Amino acid sequence: MNRLFDRNDNLSIIIAGIFAIIIGLGVARFAFTSLIPSMLVNHLDITFAGILASLNFAGYLSGSLLSIFIKDINQKVFLFRIGVVLAISSTLALALNSNDTVWIIARILAGFAGAMTFVVGSAIVMTKLQMESKTKAMGIHFSGIGFSILTTDLINRYVLSSGGSWQDSWLVLSIFAFVLSLYSVYVLSFDKKVKQNVVKHGFDKSIFTFFVILLIMVYFTEGVGFVVQGTFLPDIINKLPGLEGFGNITWTIVGLAGIPSCIIWMRLAHKYGSVNIIIIALLIQTVGILIPTMTSNLYLNLLSGVFFGGTFVGLVALFMNLGGQLAKSNPVVLMGALTTSYGIGQVIAPLYSVYLIDKFGNYDYALYLTAFIVFGGVVLLLFAKKFETHKI
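A quick note: this is a predicted structure, and the numbers were derived from the prediction, not measured.

Asks: Explain the pattern of salt bridges to me, please; I cannot follow it from the model alone.
Replies: A side chain with one charge can pair with a side chain of the opposite charge if their charged atoms come near. Tallied over the full model, the rule gives 2 salt bridges. Taking the shortest distance from any N to any O, the salt bridge between D9 and R3 comes out at 3.1 Å. For D9, a relative accessible area of 15% corresponds to the buried category. In this structure, K239 and D235 form a salt bridge, with 2.9 Å as the shortest nitrogen-oxygen distance. Residue class for K239 comes out exposed when judged on its relative accessible area of 54%. The class of D235 is buried, set by a relative accessible area of 5%.

Asks: Quick question: what am I supposed to make of the nonpolar core here?
Replies: Generally speaking, soluble globular proteins have nonpolar side chains that are buried together. Core analysis: the largest hydrophobic core is formed by 118 residues, its most contacted members being M39, W103, W170, L188 and F312. The biggest single contributor to this core is helix α1 (residues 10-42), with 17 residues. Setting aside anything within four residues of it in sequence, one finds M39 in contact with F32, L44, W103, W166 and W170.

Asks: Would you explain the packing of α1 against helix α3 (residues 73-96) in this entry?
Replies: Helix packing geometry: the angle between the two helix axes and the distance between the axes. At their nearest, the axes of α1 and α3 sit 10 Å apart, and the two run at 35° to each other. Helix-helix and strand crossings are classified by hand; for α1 and α3 the assignment is left-handed. Counting all contacts with α1, which are made through A20, I23, V27 and A28, the residues of α3 involved are F80, A87 and T91. A per-class count over the contact of α1 with α3 returns 6 nonpolar, 1 polar and no charged.

Asks: Explanation requested: a nonpolar patch on the surface in the structure shown.
Replies: A grouping of L92, L96, L171, I175, F178, V179 and L182 is seen on the molecular surface, where their side chains present a nonpolar patch of about 660 Å² in accessible area. Secondary structure elements with two or more residues in the nonpolar patch: α3 and α7 (166-187). Ranked by residue count, the leading element in the nonpolar patch is α7, at 5 residues. As for its position among the elements, L92 is in helix α3. For L92, a relative accessible area of 31% gives the class partly exposed.

Asks: Looking at this model, I keep getting lost on the environment of F176. Mind explaining?
Replies: Here F176 is to be found in helix α7. It is 27 Å that separates the C-alpha atoms of F176 and Q346, two residues lying 170 residues apart in sequence. Once residues lying within four places of it in the same chain are set aside, the contact partners of F176 are I22, V27 and I155.

Asks: Quick question: what am I supposed to make of the packing of aromatic side chains here?
Replies: Aromatic ring pairs are defined here through the distance separating the ring centres and the angle between the ring planes. Scanning the model with the defined rule gives 19 aromatic pairs in all. A centroid spacing of 6.1 Å and a plane angle of 85° characterise the contact between F5 and Y183, whose relative ring orientation is edge-to-face. Separated by 178 residues along the polypeptide, F5 in the segment before α1 and Y183 in helix α7 bring together distant segments of the chain. What makes Y183 buried here is its relative accessible area of 14%. Centre to centre, the rings of F19 and Y183 are 5.7 Å apart; their planes meet at 65°, and the pair counts as edge-to-face. Here the residue F19 occupies a position in helix α1, and Y183 occupies one in helix α7, the gap between them amounting to 164 residues. Pairwise contacts between aromatic rings join F30, F57, Y219, F226, W251, F308, F312, F319 and Y342 into one cluster. If you follow K128 out to its NZ or CZ, it ends over the ring of F190, 4.7 Å from the centre. In this structure, K359 is placed above the aromatic ring of F360, and the distance from its NZ or CZ to the ring centre is 5.8 Å.

Asks: Sorry if this is basic, but what is going on with α1 here?
Replies: Think of an α-helix as 3.6 residues a turn; residues three or four steps apart then line up on the same face. Taking 1.5 Å per residue, 33 residues should reach 48 Å; α1 reaches 45 Å between its end C-alpha atoms and fits that length. A maximum bend of about 55° is found in α1 at I36, where proline P37 lies one to four positions downstream. For α1, a buried count of 26 out of 33 residues is recorded, marking the element as mostly surrounded by other parts of the structure. Sitting at the head of α1, D9 places a side-chain oxygen 2.8 Å from the backbone nitrogen of L11.

Asks: Just to check I follow, could you spell out the packing of α1 against helix α8 (residues 210-238) for this structure?
Replies: At a minimum axis separation of 9 Å, α1 and α8 run at an interaxial angle of 30°. Relative to α8, the crossing made by α1 is right-handed. Here R29, F30, T33, I36, P37 and L40 of α1 come into contact with α8, specifically with F226, Q229, G230, T231, F232, P234, D235 and N238. Considering only residue class, the contact of α1 with α8 consists of 7 nonpolar, 5 polar and 2 charged.

Asks: Quick question: what am I supposed to make of the side chain of N56 here?
Replies: Position of N56 relative to the elements: it lies in helix α2 (residues 46-68). Residue N56 is classed as buried on the basis of its relative accessible area of 2%. From its side chain, N56 meets the backbone oxygen of R107 in a polar contact 3.0 Å long. The contacts of N56, once residues within four sequence positions are left out, are A28, R29, R107, A110 and G111.

Conventions we followed
- Every chain's residues receive numbers from 1 upward, in the order its sequence appears when written.
- The model is predicted, so local features are restricted to residues of pLDDT at least 70 and side-chain atom pairs to those at 80 or more, both for listing and for counting; the totals for chains, interfaces and linings are taken over all residues.
- For side-chain calculations, the full set of non-hydrogen atoms in the structure is used, while hydrogens and water are omitted.
- By salt bridge we mean one thing: a side-chain nitrogen of Lys or Arg within 4 Å of a carboxyl oxygen of Asp or Glu.
- Throughout this description, buried means an accessible area under 20% of the type-specific maximum (1.4 Å probe, protein chains only), exposed means over 50%, and partly exposed covers the range between.
- Only buried Ala, Val, Leu, Ile, Met, Phe, Trp, Tyr and Cys residues count toward a nonpolar core, and they belong to the same one when joined by side-chain atoms within 4.5 Å.
- Helix and strand assignments follow DSSP, with helices taken as H or I runs no shorter than four residues and strands as E runs no shorter than two, numbered in order from the N terminus.
- Note on definitions: a residue-residue contact is assigned when non-hydrogen atoms from the two residues lie within 4.5 Å.
- Interaxial angles span 0 to 180 degrees and are taken between N-to-C directions of axes, which are lines fitted to C-alpha atoms, for helices over the stretch in contact.
- What makes a crossing left-handed is the near helix being turned counterclockwise from the far one by less than a right angle; a clockwise turn instead makes it right-handed.
- Note on residue categories: nonpolar means Ala, Val, Leu, Ile, Met, Phe, Trp, Tyr, Cys or Pro, charged means Asp, Glu, Lys or Arg, and polar means any other residue, Gly included.
- Patch membership requires more than 30% relative accessible area and the absence of a salt bridge. Residues of like charge join within 9 Å; the nonpolar side chains Val, Leu, Ile, Met, Phe, Trp and Tyr join within 5 Å.
- We get accessible surface area from the Shrake-Rupley algorithm with a probe of 1.4 Å; when it comes to residues, only the shown protein chains can shield them.
- Note on aromatic pairs: the rings of Phe, Tyr and Trp (six-membered ring only in Trp) are paired at centre separations within 6.5 Å, and the planes decide the class, stacked below 30 degrees, edge-to-face beyond 60, tilted for the rest.
- Put simply, a charge is over a ring when the Lys NZ or the Arg CZ is close to the ring centre, within 6 Å, and near the line of the ring normal, within 35 degrees.
- Given the number of residues in a helix, its expected span is that number minus one, multiplied by 1.5 Å.
- Consider a residue and the seven residues that end there alongside the seven that start there; fitting an axis to each set, the bend is the angle between those axes.
- Polar contact is the term for a pair of N or O atoms within 3.5 Å; when the atoms are in protein, one must be able to donate a hydrogen and the other to accept it, and sequence-neighboring residues count only if both atoms are side-chain atoms.

Below is the structure:
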């Protein structure tokens, strides 16, 4: 028990990091997806839901880019705490107010909060961990993405099944996030101000080979592939004939599949090469995107949730790990380029999705276009392999 309250113990650091992901990504981001079916009934329309999703990702993108240029660990701790406060307060705003302008501001701030708690929080976890090899520990840390989906979805389902409204769900989520934050903020800090030698790296244009440029383009396609199901999957499933009410079950499965995915994909990449495994993961994701357009079979659509949850977390880790290998001692600019490309895909995808949904009255064409774009990433990566001589 004492280990859990020792802020320098590796176990407490990992738990606090997972709690931070649940607060910043689960409560401030993925809970919105879980609650979309309920909010569509008496508050949102699909167009405004898509706009809010896009703005949330825009906030996340801005926070991610800011975090790249913050080198001092003490400043990171400060920004992390700001992110926790914004995640809780922006969630509470959705529970207490139905004004569209308030919701727009809240979702942008929630996106920014997600970057502070996930990107900056992960950097603090990495710094605090006291072990020779941190790869396995960080793999456990990133499994928090799957836990964030699972825990917030279970909370929402419990509240709604108990007769509560979506407003009640947001209120319970904000209280839940506050409770987790007490532990997370306590552990992910330092006993005293850390003295740190900040090493500044200049811009090295030699990093941006033709292969790297293509890799950045491929990561854009994955940003698109993540968002459509990551925003609308429960409603997509609920709209299929005979599957009304199964949307949230599918979303729960997404969370379960996401928990071990990062560790599994990273091990496969170590054995078979990152590029080969990224191609396989993108192909699986493409199939998962198309399943709801081809069948209303319950088990196949549950499988689409497995394919989505089992790939999107792992693909983030695979791209970031590969980017780190390619950039070597100067990762900042390349990581920024990859994050920007992914973020642009996240912002664009909900907007074209709601246009196609409004135009055709269903999700099929949005899913067709998304699958086409993700498959385009596979084609680009197969082409890019010709320009990379060593195994990666």
